[in-house]
Amino acid sequence: MTDQPDQSAQGTAAPPSGCPAAHPDAVPLSGLEYQQTPFQLYRALRRDHGTVAPVVLDGGIPAWLVLGYAEVSYVTSHDELFARDSRRWNQWPAIPADWPLMPFVGYQPSVLFTEGAEHQRRAGVISAALEEIDQLEFSQDCQEIAGQLLAEFAGSGQAELMSAYAHALPMRAAVRMCGMPLEGADTDELVEDLRMSLDASEGDDPVAAYVRVQERIQRLVAEKREDPGPDVTSRMIADPAGLTDEEIVQDLISIIAAAQQPTGNWIGNTLRLLLTDDRFAVNVSGGRVSVGQALNEVLWLDTPTQNFIGRWAVRDIQLGGRQIRAGDCLVLGLAAANTDPQIWPEGHVGAQVNSAHLSFSNGEHRCPYPAPQLADVIARTAVETLLERLPDIVLAVEPEELTWRPSVWMRGLTSLPVAFTPVV
Ligand code: HEM
């Protein structure tokens, strides 16, 4: 870490040139390069625009992309200056109700959008409920889920791992955590609706999917009030903080969504690295150390949440030499920050073994303790169990044929076809 972000509170009258929309060189935050080569793209953006770049979101809506490690750290650790409640946004008059990013930024009364003492209350209940999970038992649950999923395709000698395994496993783990049934049409529907509401493809209706997710979780909370069990939902209901049913529903959706999507992509991106990179190929089947290294390397170089929207400026302020106006939106460039040349001066990104990356974000709203450890249990168990059960697994396509999902927010593969000796 070298440079410090440039930040100083300013008066309220920001010059018009401070608005990201006023920048003729504002970069569209969309396009193929984000899916294929984000690492080079973020470096080029940083070179051309500095550590805080003016960007244009879908529909021409302006925002700032925070690219520097120091700047992302600063923004996330000063929630009194860069807050989480999206209703602060000065662009709402320009945003249509059916805007594609609405599932990410449309205000919901969940932990995600709370601030200050209210956030501490809500996040405290989540942490306390997650903390009671016995990580050894949870790892055994994940092994059991992995076994069930593997049983569905191990005999065929081929599989598409993203849908059959990488996304399915964290979903079932989250479902078990919250006390929902492990299998069944109900659960399958919920997963599909979560996928649509978080990362819609063409033809999906994310708003309708989100309504169905809410209805299913409302039923779960009602069931657990009647009949509590050793699960996250029951513990949140029983917490002395006294959350309302509506608050619990909102926060359970945040927990399940947060557990499923990024952990699924973490597993997929790690399997891709293990199956395509010679450094791991030599001992891929037995190499527990290598699995740990690959998981960590992915968090540095192919992080599942490459960009996160976001934070909203509480008042006019300078950041990275840019004039930010009160109510401007800042997108956290987590992938860009992890590969910031200021923290990798020699350019050999990836050799790092520590976990100082920003993949779980930072500060008050970071992925709450102990969620990153639970995510690690899920991802590590998923990868290790697969390699143990299918030791000669190989890619069924050339590495260059693998494609990334069309999202600038998440980094994950569209599919991961593999082949192996059938196991009965
Ligand atoms: C068991 C799995 C997981 C659970 C239960 C979980 C839970 C959560 C929750 C509840 C939040 C909202 C925190 C708040 O606003 O106060 C959150 C935020 C977040 N999580 Fe996780 N998460 C999981 C896995 C992951 C993974 C694998 C990643 C990426 C590698 C990740 C990255 C993030 C990020 C970037 C945020 C946003 C933080 C911010 O606003 O600064 N999470 N997570």
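As a reminder, the structure under discussion sits directly above these lines.
Everything in this summary refers to the structure shown in the same document. Quick caveat: nothing in here was measured; it's all calculated off a predicted structure.

1. What to know about the overall build of the chain
Move 1: Along the chain, the regular secondary structure elements total 16 helices and 12 strands.
Move 2: Relative to its 424 residues, the chain shows a buried fraction of 43%.
Move 3: A fraction of 76% describes how many contacts in the chain between residues 6 or more apart in sequence connect residues 24 or more apart.

2. Details of the sheet that holds strand β12 (residues 417-419)
Move 1: Read from one edge to the other, the open sheet built from three strands follows the order β6-β12-β11, with strand pairing classed as antiparallel. Strands with a single pairing partner mark the edges of an open sheet, and in this sheet they are β6 (158-160) and β11 (394-395).

3. Some thoughts on the environment of Q91
Move 1: Counting through the fold element by element, Q91 comes out in the loop between β5 (82-83) and α4 (102-105).
Move 2: Counting along the chain gives 236 residues from Q91 to G327, while the straight-line C-alpha distance between them is 8.0 Å.
Move 3: Apart from the residues within four sequence positions on either side, Q91 is in contact with I61, P62 and C329.

4. Some details on the sheet that holds strand β2 (residues 27-28)
Move 1: If you walk across this open sheet you meet the six strands as β2-β3-β4-β10-β7-β5, and the pairing is mixed. A strand with exactly one partner marks an edge of an open sheet, and here the two such strands are β2 and β5.
Move 2: With four bridges joining them, strand β7 (residues 308-313) and strand β10 (residues 329-332) adopt antiparallel strand pairing. Its bridge partner being in β10, F308 is matched across the sheet by L332.
Move 3: Strand contacts of helix α3 (residues 69-77): β3 (52-57), β4 (61-66), β5, β7 and β10, with the helix running at about 120 degrees to β10, the strand carrying the most contacts.

5. So, the packing of helix α12 (residues 245-276) against helix α16 (residues 371-389)
Move 1: Running from amino to carboxyl end, α12 crosses α16 at an angle of 40 degrees, the nearest separation of the two axes being 10 Å. The orientation of α12 with respect to α16, classified from their angle, is oblique. Judged by the twist between their axes, the crossing of α12 over α16 is right-handed. Residue-level inspection shows A259, T263, W266, I267, T270 and L271 of α12 in contact with α16, the latter providing A375, I378, A379, A382 and V383.
Move 2: A per-class count over the contact of α12 with α16 returns nine nonpolar, two polar and no charged.

6. Description of the nonpolar core
Move 1: L169, C178, I256, I378 and A382 are the most contacted members of the largest nonpolar core, which totals 73 residues.
Move 2: Of the residues forming this core, the biggest block, 14 residues, is contributed by α12.
Move 3: Apart from residues no more than four positions distant in its own chain, A382 is found in contact with C142, A146, L169 and I267.

7. Re helix α5 (residues 116-131)
Move 1: Along its 16 residues, α5 runs 22 Å from first to last C-alpha, staying within 8% of the 22 Å computed at 1.5 Å per residue.
Move 2: Along α5, the residues classified as buried are R122, V125, I126, A129 and L130. For α5, the angular spread of the buried residues around the axis is 130 degrees, confining them to a single face.
Move 3: On the buried face of α5, the contacting elements are α11 (232-238), α12 and α16.

8. Some details on the site of the ligand
Move 1: Inspection of the region around the ligand gives 27 residues, with A258, A259, S361, C367 and A371 positioned closest.
Move 2: Of all the secondary-structure elements, those providing two or more residues to the shell around the ligand are α5, α12 and α16.
Move 3: For the shell around the ligand, the element with the most residues is α12, which contributes seven residues.
Move 4: Of the residues that constitute the shell around the ligand, the class distribution is 18 nonpolar, eight polar and one charged.

9. Thoughts on the packing of helix α10 (residues 206-226) against α12
Move 1: Look at α10 against α12: their axes get within 9 Å of each other, and the N-to-C directions meet at 120 degrees. Our classification of the angle between α10 and α12 gives oblique. Between α10 and α12 lies a crossing of right-handed hand. Where α10 approaches α12, its residues V213, Q214, I217, Q218 and V221 are matched on the opposing element by D245, I248, V249, L252 and I253.
Move 2: Per-class residue counts for the contact of α10 with α12 are seven nonpolar, two polar and one charged.

10. Some remarks on the pairing of β3
Move 1: The buried fraction of β3 is high, at five of six residues.
Move 2: By the bridge criterion, two bridges tie β2 to β3 in an arrangement that is parallel. Note that in β3 the partner of P28 across the bridge is V56.
Move 3: Between β3 and β4, which pair antiparallel one after the other, the connecting turn spans three residues, and G59 there sits at a positive phi close to 75 degrees.

11. Topic: the pairing of β10
Move 1: Across the two faces of β10 the burial is the same, with C329 and V331 and L330 and L332 all buried.
Move 2: Looking at chain direction, β4 and β10 are connected through three bridges and run parallel. Within the sheet, the bridge partner assigned to L65 lies in β10 and is V331.

Conventions we followed
- Residues numbered from 1 in each chain as written.
- Predicted model: local features only at pLDDT ≥ 70, side-chain atom pairs only at ≥ 80, totals over all residues.
- Helix = DSSP H or I, 4+ residues; strand = E, 2+ residues; numbered from the N terminus.
- Buried ≥ 20, exposed ≤ 12 C-beta atoms within 10 Å, placed from the backbone.
- Contact = placed C-beta atoms within 7 Å.
- Pairing = 2+ DSSP bridges.
- Axes fitted to C-alpha atoms, helices over the stretch in contact; angles between N-to-C directions.
- Parallel < 35°, antiparallel > 145°, perpendicular 65-115°, else oblique.
- Left-handed = near helix turned anticlockwise from the far one by under 90°.
- Nonpolar A, V, L, I, M, F, W, Y, C, P; charged D, E, K, R; others polar.
- Core = buried A, V, L, I, M, F, W, Y, C linked by C-beta atoms within 7 Å.
- Expected span 1.5 Å × (residues − 1).
- Arc of directions from axis to C-beta.
- Near = placed C-beta within 6 Å.

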